[in-house]
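Take a look at the letters that make up each chain.
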Amino acid sequence: MQDDPVVTRLSSVYPELPPGERAVVRVLLDDYPFAGLGSLRSLAERAGVSPPTASRLFDRLGYDGFAEFQAAVRDGARDRSRLHEFVAGAPGFPEARQAPDGEDTALRSPEDGGSAVRQAAEELRAGLDGTLAAVPEPLIETVATLLATSRTVWALGGPLSELAAEYLVRQLAALRPAARRVPDTASARAGTLLDLGPPDLVVAYDFRRYCPGTSRFARAARVRGARLVLVTDAWMSPLAAEAQALIRLPHEAAGPIAPLAHEIAVTELLLVATAARLAPAGRLADLDALTQTL
């Protein structure tokens, strides 16, 4: 998808757009190419903007209206996930190779798989370097202070990023009391919100495809005065405007598979900086002693 000219065009103009047009771009990229193939009205509704706002985006991009944009989408779009593109393009995968005599390429040279693994490892290493470079130390220190000083820390994420939220809570609970995962059900979340207030902190992990449940809870928590730390991607979650601290992971660091390793790496930096503020040696010793008795 990254080689598609329409995607490249949307990506390059995104940082300069006003908020309403950014929302349209996020919908287009989140469900590309299908979001661009319906009506202008349905696209605007999905983005939460008016049709004239959506229309202004395509004028800004240099298309002669939405119809011309749709024609470009049809010409250039490829319906593939990032993982599909990687598998199709990597020399170690059978789909990327063409056997001259029609033989089953999956049965050929086992060394080919190593080539794919090496390519994936190189992309992961480069992506991780890019992610860590994109998160400045002062931002890490700011978030660590919030993690150390808030009354209660609540963390949540989407279908995959909830694993990063769980990791944060498990490690943070060893460093300080009152570190918890946001519960899953609506009734339990309502009970959690009932007691939230200004001394509390919500840490949200929100990546494309942005999770409506994460947004609803975080916004409700902000209404009740809780602070918000948001870990998101280059396109920025719709929650970005609500956050006291915003950590953006660069989209070029994504690699062929959703980059949970990058989210965990940034989380570990936050935990190290938080531990430096808490002096948790006594708590960790007690935890070890209790673990021995159970």
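Residues numbered from 1 in each chain as written. Predicted model: local features only at pLDDT ≥ 70, side-chain atom pairs only at ≥ 80, totals over all residues. Heavy atoms only, no water.

### Regarding the overall build of the protein chain
The helix and strand tally for the protein chain stands at 13 helices and 5 strands. The buried share among the 294 residues of the protein chain stands at 44%. When the accessible surface of the protein chain is summed, it comes to about 14,900 Å², and 56% of that surface belongs to carbon and sulfur atoms. (Helix = DSSP H or I, 4+ residues; strand = E, 2+ residues; numbered from the N terminus. Buried < 20%, exposed > 50% of the residue type's maximum accessible area, 1.4 Å probe, protein only. Areas by Shrake-Rupley, 256 points an atom, 1.4 Å probe, with all protein chains shown as cover.)

### A short note on the layout of surface pockets
The calculated volume of the second largest pocket comes to roughly 200 Å³. For the second largest pocket, the full set of lining residues is Ala 23, Arg 26, Val 27, Asp 30, Arg 46, Ala 47, Arg 209, Tyr 210 and Pro 238. Going through the elements one at a time, helix H2 (19–30) and helix H3 (40–47) are the ones with two or more residues in the lining of the second largest pocket. Across the lining of the second largest pocket, the residue classes tally to 5 nonpolar, no polar and 4 charged. (1 Å grid on protein atoms, 1.4 Å probe; cavity = no way out; pocket = protein on both sides within 12 Å on 5 of 7 lines; lining within 4 Å. Points joined across faces, edges and corners; volume = space filled by probe spheres on them. Nonpolar A, V, L, I, M, F, W, Y, C, P; charged D, E, K, R; others polar.)

### Focus: the pattern of salt bridges
Using the criterion set out here, one finds 8 salt bridges in the structure. Residue Arg 277 is joined to Glu 141 by a salt bridge in which the shortest nitrogen-to-oxygen separation is 2.5 Å. Taken together, the residues span a long stretch of sequence, with Arg 277 in helix H12 (residues 260–278) and Glu 141 in helix H8 (residues 137–149) at a distance of 136 residues. Overall, the relative accessible area of 26% leaves Glu 141 in the partly exposed class. A salt bridge links Arg 170 to Glu 166, with the shortest nitrogen-to-oxygen separation between them at 2.7 Å. Here Arg 170 pairs with Glu 166, and both are found in helix H9 (residues 162–175), just 4 residues apart, close to one helical turn. The class of Glu 166 is partly exposed, set by a relative accessible area of 22%. (Salt bridge = Lys/Arg side-chain N within 4 Å of Asp/Glu carboxyl O.)

### Quick word on the environment of Ile 140
With respect to the secondary-structure elements, Ile 140 resides in helix H8. Along the backbone, Ile 140 and Leu 269 are 129 residues apart, and their C-alpha atoms lie at a distance of 7.2 Å. Look past the residues within four positions of Ile 140 in its chain and what remains in contact with it is Val 135, Leu 269, Leu 270 and Ala 273. (Contact = heavy atoms within 4.5 Å.)

### Describing the packing of aromatic side chains
Evaluated as defined, the whole model comprises 4 aromatic pairs. Taken together, a centroid distance of 6.1 Å and an interplanar angle of 20° make the contact between Phe 66 and Phe 69 stacked. Here Phe 69 and Phe 66 lie together in helix H5 (residues 66–76), a separation of 3 residues that amounts to about one turn. Pair check on accessibility: Phe 66 and Phe 69 agree, each one buried. It is Arg 9 that lies over the ring of Tyr 63; its NZ or CZ is 4.2 Å from the centre. Lying across the ring of Tyr 14, Arg 22 places its NZ or CZ 5.1 Å from the centre. (Phe/Tyr/Trp six-rings, centres within 6.5 Å; stacked < 30°, edge-to-face > 60°. Lys NZ or Arg CZ within 6 Å of the ring centre and 35° of its normal.)

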